[in-house]
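The chain contents come next:
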Amino acid sequence: MEFNKWVADLEVGNEIEGFYILKTAQIKTSNSGKPFLAANMADRSGAIDAKFWDYNGSIGIQDEGSVVKLRGSVSEYRGTLQLILTRLRPVQEDDQYNLSELVPVAPIDEEAGWQELQDMVAGLKDKDYQAVCRKVLEKYGDRFRFIPGGKSMHHSFVNGLLMHTLYMARIADHLAGVYPEVVDRDLLVAGTILHDAAKCDEFVTSPLGLVTEYSVKGELLGHLVMGAQAVAEAGKELGIPEEKSVLLQHMLLSHHGDPAFGAAVRPVCAESELLSMIDLIDSRMEIYKETMEELEVGSFSKRVFALDKKIYRHK
């Protein structure tokens, strides 16, 4: 019996026990008229279909997205690995498992990353932009630190929003120094820090922190509009000059670059133009990283939808 064996390492004949994520669960009826559970189990490394024959337990669709403890054996069905379960239960309070082994987590130190972002806010010389950043980050708090940066496209792992924002803010700070004649550093950095903050209200997350769907407001408004609203509310409450509030709102509303890609308006100032490019750089580099992790050196990927092409992994 092997404990918490990675799904990606499972082989026919393995006997396993451990904690896994119940991705899907349906109670069905076999040809003999008996109930069985058809499920899909996962950890950070992958997923596997599972069956529990003659099932009379309580776990079902209502438990999807939660952690369960299971015991079973690996078999093969029509050329695909399948887990045949013999025991299954929800986790209990005294169970100990590592969340980072079950769901993908950003490869950063959360505390250090959050502190670095706070230090960047403190380093803004413009006190109005600094105050708005503090107000909005206080509004979202732990959610900003914890949630993914996307549902499936990029940074779709725990702490993904923090990682995405932090990496972009580093780039923004550097490029502001390269183009001081045309770029207001504080406006660029502030807009970068706030650009995706409203994803905290756009996403609905599971107890494990992964995005399961979009909220009603997320579907109807989207994070660009909700972010601009949050900035406008903060600016009004703080009494900052209207022009500064509008500039920050423009940064958020235009950071997707083009209406065809979801922007509410096109970027029309140097800072918003640069922000849209920085967002594109970081999102595409993460897509490259995630794709190359699955590739052998010297091979091409299948067509990557988000990039509209296949990519090559060199030595």
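Shown above is the structure to which this text applies.
Residues numbered from 1 in each chain as written. Predicted model: local features only at pLDDT ≥ 70, side-chain atom pairs only at ≥ 80, totals over all residues. Heavy atoms only, no water.

Asker: For this particular structure, what's the right way to read the pairing of strand β4 (residues 46–52)?
Answerer: Two faces make up the sheet, and in a regular strand the side chains alternate between them. The pairing of strand β3 (residues 35–43) with β4 spans 7 bridges and is antiparallel. In the sheet register, Ala42 faces β4, and the bridge partner there is Ala47. Here β3 hands over to β4 after 2 residues, the two strands then running antiparallel side by side. Inspection of the sheet shows β4 paired to strand β6 (residues 80–90) by 3 bridges, in the parallel sense. Note on β6: the bridge partner recorded for Lys51 is Ile84. (Pairing = 2+ DSSP bridges. Helix = DSSP H or I, 4+ residues; strand = E, 2+ residues; numbered from the N terminus.)

Asker: Before we go on, may I ask you to explain the packing of helix α2 (residues 110–122) against helix α4 (residues 160–178) in this structure?
Answerer: To describe two helices that pack against each other, one gives the angle between their axes and the distance between the axes. One way to put it is that α2 packs onto α4 with a least axis distance of 10 Å and a crossing angle of 45 degrees. Considering their axes alone, α2 and α4 lie oblique with respect to each other. Judged by the sense of rotation from one axis to the other, the crossing of α2 with α4 is left-handed. Here Glu110, Gly113, Trp114, Glu116, Leu117 and Met120 of α2 lie close against α4, whose contacting residues are Leu162, Thr165, Leu166, Ala169 and Arg170. Partitioned by chemical class, the residues of the contact of α2 with α4 number 6 nonpolar, 2 polar and 3 charged. (Axes fitted to C-alpha atoms, helices over the stretch in contact; angles between N-to-C directions. Parallel < 35°, antiparallel > 145°, perpendicular 65-115°, else oblique. Left-handed = near helix turned anticlockwise from the far one by under 90°. Contact = heavy atoms within 4.5 Å. Nonpolar A, V, L, I, M, F, W, Y, C, P; charged D, E, K, R; others polar.)

Asker: Sorry, what's going on with the nonpolar core here?
Answerer: In summary, soluble globular proteins display a tendency toward joint burial of nonpolar side chains. If you look at the biggest cluster of nonpolar residues, it comprises 44 residues, and the most contacted ones within it are Leu117, Val132, Tyr140, Phe144, Leu188 and Ile193. Of all elements in the fold, only α2, α3 (127–146), α4, α5 (185–194), α8 (222–238), α9 (242–253) and α10 (270–292) reach the threshold of two or more residues within this core. For this core, the element with the highest residue contribution is α4, accounting for 8 residues. Ignoring any residue separated from it by four or fewer positions in sequence, one finds Leu117 in contact with Phe144, Leu162, Thr165, Leu166, Ala169 and Ile193. If you look at the next biggest cluster of nonpolar residues, it comprises 20 residues, including Leu10, Tyr55, Val74 and Leu88. (Core = buried A, V, L, I, M, F, W, Y, C linked by side-chain atoms within 4.5 Å. Buried < 20%, exposed > 50% of the residue type's maximum accessible area, 1.4 Å probe, protein only.)

Asker: I'm lost on the packing of aromatic side chains in this one. Help?
Answerer: Two aromatic rings, taken as a pair, are described by how far apart their centres are and by the angle between their planes. Evaluation of the coordinates by the stated rule reveals 7 aromatic pairs. When the centroid spacing of 4.8 Å and the interplanar angle of 40 degrees are considered together, the rings of Phe36 and Trp53 count as tilted. Within this pair, whereas Phe36 is found in strand β3, its partner Trp53 is found in the loop between β4 and β5 (66–77), the two being separated by 17 residues in sequence. An aromatic cluster is defined as three or more aromatic residues linked by ring pairs; in this entry it consists of Phe3, Phe19 and Tyr97. Over the face of the ring belonging to Tyr129 we find Lys244, whose NZ or CZ atom lies 5.6 Å from the ring centre. (Phe/Tyr/Trp six-rings, centres within 6.5 Å; stacked < 30°, edge-to-face > 60°. Lys NZ or Arg CZ within 6 Å of the ring centre and 35° of its normal.)

Asker: I keep staring at unusual backbone geometry and nothing clicks. Help me out?
Answerer: For Asn159, which is not a glycine, the phi torsion comes out positive at approximately 70 degrees. Considering the arrangement of structural elements, one finds Asn159 in the loop between α3 and α4. Backbone geometry at Asp308 places phi at a positive 60 degrees, although glycine is not the residue there. Relative to the elements of secondary structure, Asp308 occurs in the loop between β9 (299–300) and β10 (312–313). Under the relative-accessibility criterion, Asp308 is labelled exposed at 54%.

Asker: Looking at this model, I keep getting lost on the environment of Val121. Mind explaining?
Answerer: Summarising the element assignment, Val121 is placed in helix α2. Classification of Val121 by relative accessible area gives buried; the value is 1%. For Val121 and Ile84, which are 37 residues apart along the polypeptide, the C-alpha to C-alpha distance reads 52 Å. Once residues lying within four places of it in the same chain are set aside, the contact partners of Val121 are Gln130, Cys133, Arg134, Leu137 and Ile193.

Asker: Just checking my understanding: could you explain the packing of α3 against α5 for this structure?
Answerer: It is the contact of α3 with α5, at a shortest axis distance of 10 Å, that shows an interaxial angle of 15 degrees. Here α3 lies roughly parallel to α5, going by the angle between them. α5 is crossed by α3, and the crossing has left-handed handedness. Facing Tyr129, Val132, Cys133, Val136, Leu137 and Phe144 of α3, the residues of α5 in contact are Asp186, Leu187, Ala190, Ile193 and Leu194. Considered class by class, the residues forming the contact of α3 with α5 number 10 nonpolar, no polar and 1 charged.

Asker: In this structure, what is going on with the side chain of Asn159? I would like to understand it.
Answerer: Classification of Asn159 by relative accessible area gives buried; the value is 5%. Beyond its immediate chain neighbours, meaning those up to four positions away, Asn159 contacts Val105, Ala106, Ile108, Glu110, Arg145, Phe146 and Ile147.

Asker: Is there a simple way to explain the pattern of salt bridges in this structure?
Answerer: Proximity of charged atoms lets side chains of opposite charge pair with each other. Under the definition given, this model contains 17 salt bridges. Lys244 is the partner of Asp128 in a salt bridge, and the nearest nitrogen-oxygen pair spans 2.9 Å. With Asp128 in helix α3 and Lys244 in helix α9, this pair connects stretches of sequence that are 116 residues apart. One connected set of salt bridges, linked through shared partners, spans Glu17, Lys69 and Arg71. (Salt bridge = Lys/Arg side-chain N within 4 Å of Asp/Glu carboxyl O.)

Limitation: the analysis is restricted to geometry and does not speak to function.
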